[in-house]
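Structural characterization, general
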Amino acid sequence: MLNVPTLAKLQAEGKKPNVVFWVGCAGSFDDRAKKITKAFVKILNQTGTSFAVLGAEETCTGDPAKRAGNEFLFQMQALQNITTLNSYDVTKIVTTCPHCFNTLKNEYPELGGNYNVMHHTQFLKQLLKEETLTIEGGKFKGKRITFHDPCYLGRANNVYEAPRELIQKLDAELVEMKSCKSKGLCCGAGGAQMFKDAEAGDKEVNIERTEEALKTKPDIIAAACPFCNTMMTDGIKNKAQEGNTQVMDVAELIATANDL
Amino acid sequence: MIEYLPNILFFILLLTSSCLFFRNLNRIRRNIFLGKDLDRNDQRSLRWKNMIRVALGQSKMVSRPIAGTLHVIVYVGFILINIELLEIILDGLTGKHRLFAPYLGSIYSFLIAVFEVLAFLVLVAVFFFWTRRNVLKIKRFLKDEMKGWPKLDADIILYFEVVLMLLFLSMNATDSILQDLDPTNYIKAGSFPISQFIAPLFEGISIENLRILERSFWWIHISGIFIFMNYLYYSKHLHILLAFPNTFYANLNSKGKFKVDVNIKNEVQSMMDPSFLIPEGKNTVPDKFGASDVFDLNWVQLMNAYSCTECGRCTSVCPANITGKKLSPRKIMMDTRDRLEEVGENLNSNKGVFKLDQKQLLNDYVSPEELWACTSCNACVEACPIEIDPLSIIMDMRQYLVMEQSAAPAELNSMMGNIENNGAPWPFSNQDRLQWADE
């Protein structure tokens, strides 16, 4: 049974968590992404991390509205969230979604929301460094894992090493795609593309990226974003490679390795 | 008097081409400042460092080793040979040949040798550049937006460089022969590791004719440089100047941080909370959201457009373009410049007052289809060797489409409707946000 306290509940008990886990819309509602959310919570529970979620008080950060060009709607979402977060005196946030991460970290301060925002791979790396978290290597020994850089984690915020350091703890072979890190190719979901059909072209972006990933002959494509995860999973299905290659979030890799 | 005729002619040529050059530069400056204000004067020491690293140090060029190395050769050649240009100009003005030689002694010979080697390396590099464009037909040079003038423009610049380098070497070749034959007029100076191989072509020619040849090469070379200087304005080659301010005023924030319009915060707040009173004088909702024309962009975005060399590194990494969509970040920059120049011509012919022309950047140049294909992944921004930001223009134009014209694709409208009504891009009830914990 997962232990997922809400901020409201903790406050009623007169407690304050060390960190707020921002679940995000995908992490709350999308069936695939919910598994990532749970995997991350399992790690938080295992490590005894003091955290809370906003639950029904959380609402979209406004990222897809902003990237679609709707600054008004973005600010409505942002101001609502900032009011909620500030009412709980939140100082530290961790999120499994790079889009939420980017928006909370970079676009909320000017509107009055100043928090120390971390992506879950950065957070887990820190737990590892503090020796709160240990990662069992056995399960993935000898597996080939390639990491797909989410644009809003990598290029947008220069986080390239945290997810890789975690993967390396799995005793697996980390193989890089032709375009990786600052040159990583987008999965096709960003900029609100997730919510619309693509414009006319020769190919879907996620197929292009999946082909690049498959060239590394991976057992696992590691992702660190719920939207990339969906895109790459669809790509793998399109290429009928479900039997050979799995798409897993870094949090899921660690939860699996630790038998959670 | 007649003996000074060449000097006077040269002075007139120098003055005319400089005046033309500065007039055009001024026009570019005027056009750039048609853009909106944007304060990029913060963190100046970081900006200097960035400019030194990226523009002077070519740090982003070499991320593609072949093109990068070739470019560094031409770049170093251009900068260093310009030192020699100073002597050539003084030669023209004073009529004194190899003016610096007596002061520099053996260093002078060394310098001339270096210039010659560089000139040769530039020729080699330009040969490879030409081959890449015309024989190997590298994909990014052949996209739709490169057809016609942009392709010709790129080749013309390469031909210019070949001709200028050959003239420079021929000038030295004839000069070195005259140093032996006509020591009173041609002082012994310099060393000629490359032009010594051209020199045999001019052997057996009379001193008179050699003098004519040497002077002809000299005149055509310097005239070529003046022509090239004034060709810049019409070409994609302005980056040799604008790369520097372009990197100095580049965005230093995280690439994921998009512009937040704090001016509308009060308006949003009053919409959400009717009891919120907008502080007096603080209601500064802009007349127009986003950008439909060059006037709506900021001056850095417009400078970006003039700085673009159309190398297409942005387009070659754009996920939309790679997969056959119409969007090409390079075309966004070229369109912005084309429209800006059209506006500039309009100003020139109407005494500096813009006469409405029923045209704009949106639709007449950039189609909504291109704008909606962008994934905002920042690959184009990362790839640009001089830190041009096509994404910011795309986002400003999307903002115009959505906020001024309500012209988003239908699926995006329903996504935004969902966010407005239930706080998520999908139609789920916000009350169910924590359901996953119990599943």
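Cut-offs used in this document
What you see as residue numbers is a count from 1 along each chain, following the sequence as written. Working convention: letters from A go to chains and numbers from 1 go to ligands, in the order in which they are written. Under the rules for a predicted model, residues below a pLDDT of 70 receive no local features and side-chain atom pairs below 80 are neither given nor counted, while totals for whole chains, interfaces and linings still include all residues. Water and hydrogen atoms play no part in the side-chain values, which are based on all heavy atoms of the structure. Each salt bridge in this description consists of a side-chain nitrogen of Lys or Arg and a carboxyl oxygen of Asp or Glu lying within 4 Å of one another. Strands are runs of DSSP state E lasting at least 2 residues, helices are runs of H or I lasting at least 4, and numbering of each runs from the N terminus. Per-residue accessibility, obtained with a 1.4 Å probe over protein chains only, is compared with the maximum for each type, and a residue is labelled buried under 20%, exposed over 50%, and partly exposed between these values. By definition in these notes, contact holds between two residues if any of their heavy atoms fall within 4.5 Å. Between any two strands, pairing holds if DSSP finds at least two bridges. Where each domain starts and ends follows an automatic or database-derived domain assignment. As used here, buried area is the combined drop in accessible area, with a 1.4 Å probe, of two parts when they are placed together. Two N or O atoms count as a polar contact when they lie within 3.5 Å, although within protein this holds only if one can serve as hydrogen donor and the other as acceptor, and sequence-adjacent residues are included solely when both atoms are side-chain atoms. Classes in brief: Ala, Val, Leu, Ile, Met, Phe, Trp, Tyr, Cys and Pro nonpolar; Asp, Glu, Lys and Arg charged; the others, Gly included, polar. Only buried residues count toward a nonpolar core. Its members are Ala, Val, Leu, Ile, Met, Phe, Trp, Tyr and Cys residues joined through side-chain atoms within 4.5 Å. Axes here mean lines fitted to C-alpha atoms, for a helix over just the part in contact, with angles spanning 0 to 180 degrees between N-to-C directions. Relative orientations are named as follows: roughly parallel for angles under 35 degrees, roughly antiparallel for angles over 145 degrees, roughly perpendicular for angles from 65 to 115 degrees, and oblique for any other angle. Here the expected length of a helix is defined as 1.5 Å per residue gap, with one fewer gap than residues.

Comments concerning the pattern of salt bridges
- The full count for this structure, using the stated rule, is 42 salt bridges over all chains.
- Measuring nitrogen to oxygen at the nearest pair gives 2.7 Å for the salt bridge that ties Lys239 of chain A to Glu211 of chain A. Taken as a pair, Lys239 of chain A in the loop between helix H10 (226-238) and strand E8 (246-249) and Glu211 of chain A in helix H9 (residues 205-214) lie far apart in primary sequence, 28 residues in all.
- Here Asp396 of chain B and Lys259 of chain B are joined by a salt bridge, their closest N and O atoms 3.3 Å apart. With Asp396 of chain B in helix H17 (residues 390-403) and Lys259 of chain B in the loop between helix H8 (239-248) and helix H9 (265-272), this residue pair connects regions lying 137 residues apart in the sequence.

Some thoughts on the environment of Ala8 of chain A
Residue and element names in this part refer to chain A.
- In this structure, Ala8 sits in helix H1 (residues 7-12).
- Here Ala8 falls in the partly exposed class, since its relative accessible area comes to 37%.
- Along the chain, Ala8 and Asp171 lie 163 residues apart, while their C-alpha atoms are 40 Å from each other.
- The residues contacting Ala8, other than those within four sequence positions of it, are Glu57 and Tyr88.

Focus: the pairing of strand E3 (residues 92-95) of chain A
- Here strand E1 (residues 19-22) of chain A pairs with E3 of chain A via 3 bridges, running parallel. If you follow Trp22 of chain A over to E3 of chain A, its bridge partner there is Thr95 of chain A.

Focus on the domain arrangement of chain B
All names here are of chain B.
- When its domains are assigned, chain B resolves into domain 1 (2-32 + 64-237) and domain 2 (262-426).
- At the junction of the two partners, domain 1 supplies 19 residues and domain 2 supplies 25 residues.
- Summed over both sides, the interface between domain 1 and domain 2 buries roughly 1,900 Å², with carbon and sulfur atoms accounting for 48% of that surface.
- Our enumeration of links across domain 1 and domain 2 arrives at 1 salt bridge.
- Arg330 is the salt-bridge partner of Glu145, the closest N and O atoms lying 3.1 Å from each other.
- Our enumeration of links across domain 1 and domain 2 arrives at 12 residue pairs in polar contact (both at pLDDT 80 or more).
- When residues of the side of domain 1 that touches domain 2 are traced back to their parent elements, those giving at least two are helix H1 (5-32) and helix H3 (65-94).
- Element by element, the count of residues in the side of domain 1 that touches domain 2 is highest for H1, at 5 residues.
- Within the side of domain 1 that touches domain 2, the residues separate by chemical class into 8 nonpolar, 4 polar and 7 charged.

Some remarks on the nonpolar core
- Residues Phe21 and Leu253 of chain A together with Leu412 of chain B are the most contacted members of the largest nonpolar core, which totals 165 residues.
- In contact with Phe21 of chain A, other than residues within four places in its own chain, are Thr37, Phe40, Val41, Leu44, Phe51, Ala52, Val53, Glu58, Val94, Thr95 and Thr96 of chain A.
- One finds Ile81, Ala101, Trp218 and Phe226 of chain B within the second-largest nonpolar core, a separate group that totals 41 residues.

A word on the sheet that holds E1 of chain A
All names here are of chain A.
- Strand order across the open sheet formed by 4 strands is E2-E1-E3-E4, with parallel pairing between neighbours. In the strand order of this sheet, the two ends are held by strand E2 (51-52) and strand E4 (116-119), each with one partner.
- Taken strand by strand, helix H6 (residues 98-107) contacts E1, E3 and E4, and its axis lies near 160° from that of E4.

Considerations on the interface of chain B and chain A
- Between chain B and chain A, the contact holds 61 residues from the first and 69 residues from the second.
- Both sides of the chain B and chain A interface together cover about 5,700 Å² of buried area, and 66% of this is carbon and sulfur.
- On the chain B side of the interface with chain A, the three residues burying the most area are Trp426, Arg433 and Trp436 of chain B, jointly 14% of the side's total.
- On the surface where chain B and chain A come into contact, there are 31 residue pairs in polar contact (both at pLDDT 80 or more).
- Going through the elements one at a time, H9, helix H12 (319-322), helix H15 (368-372), helix H16 (379-383), H17 and helix H18 (410-422) of chain B are the ones with two or more residues in the side of chain B that touches chain A.
- Tallied by class, the residues present in the side of chain B that touches chain A amount to 31 nonpolar, 14 polar and 16 charged.

Re the packing of H1 of chain B against H3 of chain B
Residues and elements named next belong to chain B.
- One way to put it is that H1 packs onto H3 with a least axis distance of 7 Å and a crossing angle of 130°. Overall, the two elements H1 and H3 adopt an arrangement that is oblique. Contact residues: H1 offers Asn7, Phe10, Phe11 and Leu14, while H3 offers Ile89, Gly92, Leu93 and Thr94.
- Considered class by class, the residues forming the contact of H1 with H3 number 5 nonpolar, 3 polar and no charged.

Quick notes on H1 of chain B
All names here are of chain B.
- Compared with an ideal rise of 1.5 Å per residue, which puts 28 residues at 40 Å, H1 spans 40 Å between its outermost C-alpha atoms and is within 8% of the ideal.
- Among the residues making up H1, those that are buried are Asn7, Phe10, Leu14, Ser17, Phe21, Asn24, Ile28, Asn31 and Ile32.
- Against the buried residues of H1 lie H3, helix H7 (207-231), H8, helix H10 (299-307) and helix H13 (329-349).

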